[in-house]
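Read off the chains here:
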Amino acid sequence: MSDNKNDNKLDFPKRFLWGASVSAHQVEGGNHNQWSVWELENAKARAVMAERELGKLDSWQQIELEAKNPQNYVSGDLADHYGRHKEDFDLLKQMNMNAFRFSIEWSRIEPQAGAWNAAAIKHYKDYVDELRKRGIEPIVTLFHFTLPIWFSEMGGFEKRSNVKYFTRFAKKIISELGTSVRLIITINEPEIYAIQSYHFGNWPPAMDNNFKFWRVMNNLAFAHRQASKAIHGLSRRYKVSVSKNSKLYHAGDDALLSRVSASVMQYIQDDYFIKKVIHHCDFLGVNYYFTSRIYGNRTHNPNDNLSDLGWDLQPSDIQHVLERLYGKYKKPIIITENGIADANDEKRQWWITKTIVGIQKAMNNGVKVEGYIHWSLMDNFEWAYGKWPRFGLATVDYRTGERKLRSSAIWFGRVIKKMREL
Ligand code: BGC
């Protein structure tokens, strides 16, 4: 593949989607689902464990107070995106964005099995209308890690026979939203959900059961296929996919074992799941955050440039992720998530620059990329870590609810303006 100096020139199609992403539970506030219950049960323990888990991070001094406070681990009211979404959509406009990815909170729509909440349905209809009014393309996610309590109590995605409830919800909400949406993600990061919830035990239902891990993975693939069929049954104009977390694995040295391990891990990370759903995807949603270097059968990443969460930062590698996935699956790609926990906003502009240059290089090499949706529009609830990691283009002051674009976001808005020739 070519790598010449013209590759650094940015030249994105006018119709390219430039946007930001959130998920319901991470920003809305006031949710009642399997996560909010778990948060309350585990907040104290998470606060007590914080120093052991996070004490080695460079950011520790800055985060210590928050990380040791049980309230950090309770989503609670957050910054009330549910009530204040219009303000947040104005931030998208300020950044000249033309796309927004969000999730519909299933527990609001169907708080009891089969009982639809008309007010919540109306809320999301109005929500989408408000985006449209601002010329912003909605990208709707149906499952972003949270479940209604009744569904999780009946075993959630552990049981294949439960998938029909998810399909019913998918069909219901998409027929309610009608033609005001076009791009739909059924399932966000199936493998992250399954591994955190059923192997590492970090997320509810906090199990360490490999049998269930694989079962949930397979059932999520089935859930995607079923939901995709149901949605396409409503209309073929819907473009449906999953958001696949794709991490790049590469051998850190030339040893045969390193090379074999890297390709086995890459297969497990990406291909195992994608192969099960790709024929039911109109495009591929890709979330990129990490690279891992493999030496023998171990991961060892350099630790000279890390995010606040201690993640090794290799933004340019997005090029290889895109080239690999497009080469293999030949589906147009939307980057549905990519971003950095950077409370001081020291590295975000650099991260975005390297990322979009990487995307451009992949596109120059023939990869069809249709959008870049940054994670995240605003600071939010980072699951088991709670509120201290700051992924937002906008800062959020949880005491006052004030949101404000960071400098990198103002810069990014200018870049988008140029790119869209506004
Ligand atoms: C998830 C988001 C999360 C982000 C940063 C993705 O794994 O979809 O919910 O906040 O990464 O960790």
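All values reported here derive from a predicted model rather than from experimental measurement. (Residues numbered from 1 in each chain as written. Predicted model: local features only at pLDDT ≥ 70, side-chain atom pairs only at ≥ 80, totals over all residues. Heavy atoms only, no water.)

### Observations regarding the packing of aromatic side chains
So, point 1. Summed over all chains, the structure comprises 41 aromatic pairs.
So, point 2. Arranged with centres 6.3 Å apart and planes meeting at 50 degrees, the rings of Phe 166 and Phe 169 form a pair that is tilted. Linking Phe 166 with Phe 169, this pair stays in helix α8 (residues 163-177), spanning three residues, or about one helical turn.
So, point 3. For the pair Phe 213 and Trp 214, a centre-to-centre distance of 4.9 Å together with 70 degrees between the ring planes defines the contact as edge-to-face.
So, point 4. Phe 213 sits in the buried class, given a relative accessible area of 9%.
So, point 5. For Arg 108, the ring lying beneath its charged end belongs to Tyr 82, and the centroid distance is 3.6 Å.
So, point 6. Its end group placed over the ring of Tyr 238, Arg 237 keeps NZ or CZ at 5.9 Å from the ring centre. (Phe/Tyr/Trp six-rings, centres within 6.5 Å; stacked < 30°, edge-to-face > 60°. Helix = DSSP H or I, 4+ residues; strand = E, 2+ residues; numbered from the N terminus. Buried < 20%, exposed > 50% of the residue type's maximum accessible area, 1.4 Å probe, protein only. Lys NZ or Arg CZ within 6 Å of the ring centre and 35° of its normal.)

### Focus on the sheet that holds strand β6 (residues 248-251)
So, point 1. If you walk across this open sheet you meet the three strands as β6-β8-β9, and the pairing is mixed. Every other strand in the sheet has two partners, leaving β6 and β9 (298-299) as the edge strands with one partner each. (Pairing = 2+ DSSP bridges.)

### Describing the nonpolar core
So, point 1. Counting residues in each nonpolar core, the largest one holds 106 residues, and the members touching the most others are Phe 100, Leu 142, Phe 157, Phe 166, Ile 359 and Phe 412.
So, point 2. The leading source of residues in this core is helix α10 (residues 210-234), at nine residues.
So, point 3. Residues within four places of Phe 157 in sequence aside, it is in contact with Phe 143, Leu 147, Phe 151, Val 163, Phe 166, Arg 215, Val 216, Asn 219, Leu 220 and Ala 223.
So, point 4. Core analysis: the next-biggest nonpolar cluster, separate from the first, contains 18 residues, Ala 47, Ile 63, Trp 311 and Trp 375 among them. (Core = buried A, V, L, I, M, F, W, Y, C linked by side-chain atoms within 4.5 Å. Contact = heavy atoms within 4.5 Å.)

Functional significance is not addressed by these values, which are geometric in nature.
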